[in-house]
Amino acid sequence: MGNADHVYPSTNVERAPRVAIPPPQSSVKSLKYNLKETFFPDDPLRQFKNQTTSRRFVLGLKYFFPIFDWAPSYTLDFLKSDFIAGITIASLAIPQGISYAKLANLPPILGLYSSFIPPLVYAMMGSSRDLAVGTVAVASLLTASMLGNVVNANENPKLYLHLAFTATFVAGVFQASLGLLRLGFIVDFLSHATIIGFMAGAATVVIMQQLKGILGLNHFTRSTDLVSVMRSVFTQTHQWRWESAVLGFGFLFFLLTTRYFSKRKPKYFWVSAMAPLTSVILGSLLVYLTHAEKHGVQVIGNLKKGLNPLSFTDLVFVSPYLTTAIKTGIITGVIALAEGIAVGRSFAMFKNYHIDGNKEMIAFGTMNIVGSCTSCYLTTGPFSRSAVNYNAGCKTAVSNIVMALTVMVTLLLLTPLFHYTPLVVLSSIIISAMLGLLDYEAAIHLWTVDKFDFIVCISAYAGVVFASVEIGLVIAVAISVLRLLLFVARPKTFILGNIPNSMIYRNVEQYLNTSSVPGVLILEIDAPIYFANSGYLRERIARWVDDEEEKLKSSGETSLQYVILNMGAVGNIDTSGISMLEEVKKVMDRRGLKLVMANPGAEVMKKLNKSKFIEKIGQEWIHLTVGEAVEACDFMLHTCSPGPLKEDSEAYNKV
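Thresholds applied
- Residues numbered from 1 in each chain as written.
- Predicted model: local features only at pLDDT ≥ 70, side-chain atom pairs only at ≥ 80, totals over all residues.
- Heavy atoms only, no water.
- UniProt positions renumbered as here; feature names shortened; annotations may be inferred.
- Helix = DSSP H or I, 4+ residues; strand = E, 2+ residues; numbered from the N terminus.
- Buried < 20%, exposed > 50% of the residue type's maximum accessible area, 1.4 Å probe, protein only.
- Contact = heavy atoms within 4.5 Å.
- Areas by Shrake-Rupley, 256 points an atom, 1.4 Å probe, with all protein chains shown as cover.
- Lys, Arg positive; Asp, Glu negative; His and termini not counted.
- Charge placed at Lys NZ, Arg CZ, Asp CG, Glu CD.
- Polar contact = N/O pair within 3.5 Å; in protein donor to acceptor, adjacent residues only side chain to side chain.
- Core = buried A, V, L, I, M, F, W, Y, C linked by side-chain atoms within 4.5 Å.
- Pairing = 2+ DSSP bridges.
- pLDDT = per-residue confidence, 0-100.
- Arc of directions from axis to C-beta.
- Axes fitted to C-alpha atoms, helices over the stretch in contact; angles between N-to-C directions.
- Left-handed = near helix turned anticlockwise from the far one by under 90°.
- Nonpolar A, V, L, I, M, F, W, Y, C, P; charged D, E, K, R; others polar.
- Expected span 1.5 Å × (residues − 1).
- Domains from an automatic or database assignment.
- Right-handed = clockwise from strand over helix to strand, strands pointing away.

Looking at an unreviewed UniProt entry, the protein carries the name STAS domain-containing protein, with the source organism given as Populus tomentosa. Its UniProt record gives the protein the following Subcellular location (unreviewed entry) comment, quoted word for word: "Membrane". Per its UniProt entry, the protein bears the Sequence similarities (unreviewed entry) comment "Belongs to the SLC26A/SulP transporter (TC 2.A.53) family."

This is the structure:
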């Protein structure tokens, strides 16, 4: 570790190139560049350059309506595949739609309405080939929970229904605005760990809520937390209906068995996909033949025939309900976006094509705006339905059109057949779907890879299960943001050492064979320097210096004289960061140490130059690489008097 272990070149120092300062750039040009990088990283306007007006119009039409892009090359083979996929997902969409509408405390027919109009809109505007549009359990539960706190669906069903339409309209406007304003990165604040925990918690809550249907209870708690639900269940043991329970667990066993079979033999995916509709048909026949509705088995009842009635005039924009509708719409809209985009990207990755997140937001927003005006509530791209669509071999979004047309036929002709559908079957369908969201393997993976992510996941889950869906979401987002702040406010700093027989310097804790450079402390800052972390970095650098001096003093080695800051990972710096560097330099000067910088980026150099910091530290003490900085320090150590004082710098300049 002594001088013999390190090569000290004496001839290359004076020829080392200086770190360049970027040429000055106008504020307008700099602002334009930053805005482009923030909002247009994919440069969507590139295709419009050097095009005629008519061509730009066509390209714009294809951008907002991708169907005009792929429709001209559509083939009969594609239609065959999409037709099979569309019929398959319709068999799942019909029972799921009815089930989720009941979960949202809305009329069951709205589940069918929401599987008709929105898929048609998405087929024209969506960029995913595999996403199957429809209602989802988590958004349905959120709608019931948040609106139910203000309006009782049983006491005032009309107002509750109108608020659901209004919340859907707000969600659509919010989603489309995010896409148009290129603000899709906001959704990224819901981390992967957050979504896993939140979805699992919501799935648990949904499953618990279905105990009402499974046990045939007429009265049930409006709260969603575990304690309230369990109290409601076990204080009504005298009202449990064994007939309903037998039916419920029987159909649940059937649904889980078919799912297990389809997972073991993927080519028989249609067995699991057809199971919910088969359960509805068998359950309806069983109730009809045995008159089970007279023995405590609750049924759906009459479903109105006909297509979606217009509901634009039903939207509520007056106090005090508007605030509730806005809050519900924004929260459910964010959750729907996060789920839909994540599902779409997953299947796009499997088929090796790209989907535009901002374009998807516009599509989701438009279909929810149109849906709110045609008696639909919130829709997105649920994983279960999209997975069936993918496994069924869909080629394009035409599968959504086929599904919508199938639902249309159901609305016009087949709704009376659902009169005897037992609610317990719908509960079994929901429970079966929700069990798929309890991704314990993903939680185990989080624990293995990142304990903090696991804590985020479990916190989100516990918040949803033991408090409420809204509180769980707030806890999950708060912890995720806290972690983000910790990354920014407490960046990593570490000591670098020389890898033997090279000019490479790496983290001494990662590379145990590295050697230190006598008299030189090399530190790396692994993050941009902002107001949020400048104070911490000042104290941390001082502590590194103290520790190094104590270490050298106790070992009797060469005293510390140079501190090199490797700035390669510092992508940017603000005025607080520059002030921090100035303070660090003053402290180093008082302690008889010389501050040296290595590998600063263009943005950092530009700001250091404007703030006159380069003049204060001296251009000669800013180097291209850590290796060159070490050479310069070593040169000074072996050619000048001890202590990197001002005369050392002058001597270095004369070389």
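From this point, things continue past the structure.
Asker: What should I look at first to understand the overall build of the protein in this one?
Answerer: Scanning the protein from N- to C-terminus turns up 27 helices and six strands. For the C-alpha atoms alone, the extent of the protein along its principal axes is close to 105 × 65 × 55 Å. Evaluated residue by residue, the protein yields a buried proportion of 52% over its 655 residues. Expressed as a percentage of contacts within the protein between residues at least 6 apart in sequence, the contacts between residues at least 24 apart total 80%. Carbon and sulfur atoms form 63% of the exposed surface of the protein, whose accessible area is close to 30,800 Å². Here the protein carries 55 positive and 46 negative side-chain charges, and the mean point of each set is 10 Å from the other.

Asker: Sorry if this is basic, but what is going on with the UniProt feature "domain: STAS" (unreviewed entry) in the protein here?
Answerer: In the numbering used here, UniProt assigns the "domain: STAS" (unreviewed entry) feature to residues 510-633. Along residues 510-633 one finds 51% helix and 15% strand; the C-alpha atoms at either end are 24 Å apart.

Asker: Help me understand the environment of N400, please; the structure alone is not making it clear to me.
Answerer: Its place among the elements puts N400 in helix α17 (residues 398-414). In this structure the C-alpha to C-alpha distance between N400 and I89, which are 311 residues apart in sequence, comes to 8.5 Å. N400 has contacts with P119, Y122, A123, L131, A132 and V133, leaving out every residue within four places of it along the chain. Within the structure, N400 has its side chain in polar contact with the backbone nitrogen of V133 (distance 3.0 Å).

Asker: What should I look at first to understand the nonpolar core in this one?
Answerer: Core analysis: the biggest nonpolar cluster contains 96 residues, and I98, L106, L110, F198, I335 and M434 have the highest contact counts within it. Per-element tally for this core: the top contributor is helix α18 (residues 423-435), with nine residues. Among all residues touching L106, those that are not within four sequence positions of it are A101, Y160, L161, A164 and Y377. Within the second largest apolar cluster, 49 residues are counted, among which are L523, I614, I617 and V630.

Asker: Looking at this model, I keep getting lost on the sheet that holds strand β6 (residues 622-623). Mind explaining?
Answerer: Strand order in the open sheet made by the six strands is β2-β1-β3-β4-β5-β6, with mixed pairing throughout. Whereas interior strands pair on both sides, the edge strands pair on one side only; in this sheet they are β2 (505-507) and β6. In this sheet, strand β4 (residues 562-566) lies alongside strand β3 (residues 520-525) in parallel orientation, the contact comprising five bridges. In the strand pairing of β4, V520 is matched with Y562.

Asker: Honestly, the confidence of the model for the protein in this entry has me stumped. Any pointers?
Answerer: Caution applies to low-pLDDT parts of the model: their predicted coordinates are not meant to be read in detail. The share of residues in the protein with pLDDT of 70 or more is 94%, and the mean pLDDT across the chain is 87. When the elements of the protein are averaged for pLDDT, helix α27 (residues 646-654) gives the smallest value, 45, and helix α6 (residues 117-125) the largest, 96. Throughout residues 1-13 the model reports pLDDT below 50, and contacts reaching past four residues in sequence, or to other chains, amount to 20 contacts. Scored below 50 in pLDDT, residues 642-655 shows 25 contacts in the model against residues more than four places distant or in partner chains.

Asker: Would you mind showing me how to read helix α11 (residues 226-234) here?
Answerer: Because an α-helix packs 3.6 residues into every turn, residues spaced three or four apart end up facing the same way. All buried positions along α11 are accounted for by S228, V229, S232 and V233. One side of α11 carries all its buried residues, which in axial view fall inside an arc of 130°. In α11, the exposed positions angled more than 90 degrees off the buried face are occupied by R231 and F234.

Asker: When you look at unusual backbone geometry in this model, what are you seeing that I'm missing?
Answerer: The phi torsion of most residues other than glycine is negative, and most of the peptide bonds are trans. Cis geometry is found at the peptide bond from S319 to P320, where omega equals 0°. Of note, P320 is situated in the loop between α13 (269-290) and α14 (321-351). If you check the backbone angles, N352 has positive phi at about 60° while not being a glycine. In this model, N599 sits at a positive phi of 60°, which is unusual for a non-glycine residue. With respect to the helices, strands and loops of the structure, N599 is situated in the loop between β5 (594-598) and α24 (602-610).

Asker: Help me understand the packing of helix α12 (residues 242-264) against α18, please; the structure alone is not making it clear to me.
Answerer: Each pair of packed helices can be summarised by the angle the axes make with each other and by the distance between the axes. Remark: α12 packs on α18, axes separated minimally by 8 Å, with the N-to-C direction vectors making an angle of 40°. Regarding α12 and α18, the two cross each other, and that crossing is right-handed. Every residue of α18 that contacts α12 at S244, L247, G248, F251, L252, L255, L256 and R259 is listed here: V424, V425, S428, I429, I431, S432, A433 and L435. The residue makeup of the contact of α12 with α18, split by class, is 11 nonpolar, four polar and one charged.

Asker: Which parts of the structure should I look at to understand helix α21 (residues 469-489)?
Answerer: Across its 21 residues, α21 extends 30 Å between first and last C-alpha, which sits within 8% of the 30 Å expected from 1.5 Å per residue. Within α21, burial applies to V469, E470, G472, L473, A476, I479, S480, R483 and A489. Those residues of α21 that are buried are in contact with α7 (137-148), α9 (192-209), α14, α20 (451-466) and α22 (531-555).

Asker: What is the right way to read the side chain of Q236 from this model?
Answerer: Position of Q236 relative to the elements: it lies in the loop between α11 and α12. On the basis of relative accessible area, Q236 is assigned to the buried category, the value being 10%. Beyond its immediate sequence surroundings of up to four residues, Q236 is in contact with L217, H219 and F220.

Asker: What is the right way to read the domain arrangement of the protein from this model?
Answerer: Bring the parts together and some accessible area is lost; that lost area is often taken as the interface size. Each domain of the protein was delimited in the assignment, giving domain 1 (74-484) and domain 2 (490-654). Measuring from the centre of the C-alpha atoms in domain 1 to the corresponding centre in domain 2 gives 56 Å.

Asker: Got a minute to help me understand the pairing of β5 in this structure?
Answerer: Side-chain direction in a regular strand flips from residue to residue, so the side chains alternate between the two faces of the sheet. Taken across its five residues, β5 has five buried, putting it largely inside the fold. Going residue by residue along β5, you find K594, V596 and A598 tucked away on one face and L595 and M597 tucked away on the opposite face as well. A crossover links β4 with its parallel partner β5, the connecting element being helix α23 (residues 575-590), and its sense is right-handed.

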